[in-house]
Amino acid sequence: MPKLIVLLAAAALLVAGCGGPSWQEQNIQAGGFRIMMRGDVHYDKNVLDTPVGKIEAHMYSMELKDSVFGVGYSDYPEQMVQSMAPRRLFMAVRDTWVRRINGRLQGDGADIRLEGKHPGMEIVAWGKVKDRDAYLKGRFYLAGNRLYQVVVFGNRDSMPLADINRFMESFKLIPQREVGRIDIAPTPDTPPLPPPLQSLKPKQ
């Protein structure tokens, strides 16, 4: 019996060692959020020319087997945000992501809330990436004039549901009173996630 226990313990350690990097909380103070990510985190910043002026898009992503997990944020002019229904904002972001995978939506996007007060949308879509079947799940939130995107896409068979849920559910806003900061430097040659809103104009 002692030998069996030792063998089982060794097997458990072996399995744990093959699981790759562990999930760790990333505290992105500059973006006002925290989220669980695994492995190397890539940061990319783009300045986008839009009908409402230049918008900075900040994207943090990690690549797992045949999949990408990403979270990003952009700040928009308050006047634009106040003059536009949040769902219209989310629909524009949704359509950008669906076009990226030449996909089709499952439904048209479910209304959700972050912390019970910030409006959001959850989408699921199926499509193709490099002639391979692709799955996409995303959540978009509007907190003040800041738009957040939390997205997973890639080969659905290689993405455990537990990983998708852990990533999505771990996204939280950081209370302003908290201190401390972790900055991830931009990663060279990291392809950006899709820019969000390049075609939106506020209501006249």
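Structure shown above.
Here the structure is a predicted model, which is why all the values come from computation and not from measurement.

S.K.: I tried to follow the environment of Lys-54 on my own but got confused; where do I start?
M.R.: Along the chain, Lys-54 falls in strand 4 (residues 53-64). Looking at Lys-54, the relative accessible area reads 63%, which means it is exposed. Lys-54 sits 22 residues away from Tyr-76 along the chain, and the two C-alpha atoms are 9.2 Å apart. The residues contacting Lys-54, other than those within four sequence positions of it, are Val-47, Leu-48 and Asp-49. There is a polar contact of 2.6 Å between the side chain of Lys-54 and the side chain of Asp-49.

S.K.: Explanation requested: the packing of aromatic side chains in the structure shown.
M.R.: Two aromatic rings, taken as a pair, are described by how far apart their centres are and by the angle between their planes. Summed over the entire model, instances satisfying the criterion amount to 12 aromatic pairs. Centroid distance Phe-33 to Tyr-60: 6.0 Å. Interplanar angle 75°. Geometry classified as edge-to-face. Separated by 27 residues along the polypeptide, Phe-33 in strand 2 (residues 33-38) and Tyr-60 in strand 4 bring together distant segments of the chain. An identical accessibility class is assigned to Phe-33 and Tyr-60; each is buried. Each ring, one from Tyr-148 and one from Phe-171, has its centre 5.2 Å from the other, and the planes form 65°; the classification is edge-to-face. Of this pair, Tyr-148 sits in strand 10 (residues 146-154) while Phe-171 is found in the loop between helix 4 (161-169) and strand 11 (172-173), placing the two residues 23 residues apart along the sequence. Comparing Tyr-148 with Phe-171, the two get one shared label, buried. Pairwise contacts between aromatic rings join Phe-33, Tyr-43, Tyr-60, Tyr-73, Tyr-141, Tyr-148 and Phe-171 into one cluster. Lying across the ring of Tyr-135, Arg-156 places its NZ or CZ 5.4 Å from the centre.

S.K.: Where do I start with the pattern of salt bridges in this structure?
M.R.: Enumeration over the complete set of coordinates arrives at 12 salt bridges. Here Glu-56 ties to Lys-45 by a salt bridge, and the two come within 3.5 Å at their closest N and O atoms. Residue Glu-56 is found in strand 4, and its partner Lys-45 is found in strand 3 (residues 42-50); the two are separated by 11 residues along the sequence. Since its relative accessible area comes to 36%, Glu-56 is described here as partly exposed. Note on Lys-45: relative accessible area 42%, which makes it partly exposed.

S.K.: Just checking my understanding: could you explain helix 3 (residues 86-100) for this structure?
M.R.: Over its 15 residues, helix 3 runs 22 Å from end to end, which matches the ideal 21 Å to within 8%, given 1.5 Å per residue. Turning to helix 3, its buried residues number three or more, namely Leu-89, Phe-90, Ala-92, Val-93, Arg-94, Thr-96, Trp-97 and Val-98. On the buried face of helix 3, the contacting elements are helix 2 (78-82), strand 6 (104-105), strand 8 (118-129), strand 9 (132-143) and strand 10. The first or second residue beyond helix 3 is Asn-102, which carries a positive phi of 45°.

S.K.: Help me out: how do you make sense of the environment of Ala-57 in this one?
M.R.: As for its placement among the helices and strands, Ala-57 is situated in strand 4. As for Ala-57 and Val-47, which are separated by 10 residues in sequence, their C-alpha atoms are 6.2 Å apart.

S.K.: Help me understand the pairing of strand 4, please; the structure alone is not making it clear to me.
M.R.: Across a regular strand the side chains alternate sides, sitting on one face of the sheet and then on the other. Relative to strand 4, strand 3 is paired through 9 bridges, and the arrangement is antiparallel. Bridge assignment links Leu-48 to a residue of strand 4, and that residue is Ile-55. Two successive antiparallel strands, strand 3 and strand 4, enclose a turn made up of 2 residues. Bridging between strand 4 and strand 5 (residues 67-75) involves 8 bridges; their strand directions are antiparallel. For Met-59, the partnering residue across the bridge sits in strand 5 and is Gly-72. Hairpin connection from strand 4 to strand 5: 2 residues lie between these consecutive antiparallel strands, with Asp-66 at a positive phi of about 55°.

Cut-offs and rules
- Residues numbered from 1 in each chain as written.
- Predicted model: local features only at pLDDT ≥ 70, side-chain atom pairs only at ≥ 80, totals over all residues.
- Heavy atoms only, no water.
- Helix = DSSP H or I, 4+ residues; strand = E, 2+ residues; numbered from the N terminus.
- Buried < 20%, exposed > 50% of the residue type's maximum accessible area, 1.4 Å probe, protein only.
- Contact = heavy atoms within 4.5 Å.
- Polar contact = N/O pair within 3.5 Å; in protein donor to acceptor, adjacent residues only side chain to side chain.
- Phe/Tyr/Trp six-rings, centres within 6.5 Å; stacked < 30°, edge-to-face > 60°.
- Lys NZ or Arg CZ within 6 Å of the ring centre and 35° of its normal.
- Salt bridge = Lys/Arg side-chain N within 4 Å of Asp/Glu carboxyl O.
- Expected span 1.5 Å × (residues − 1).
- Pairing = 2+ DSSP bridges.

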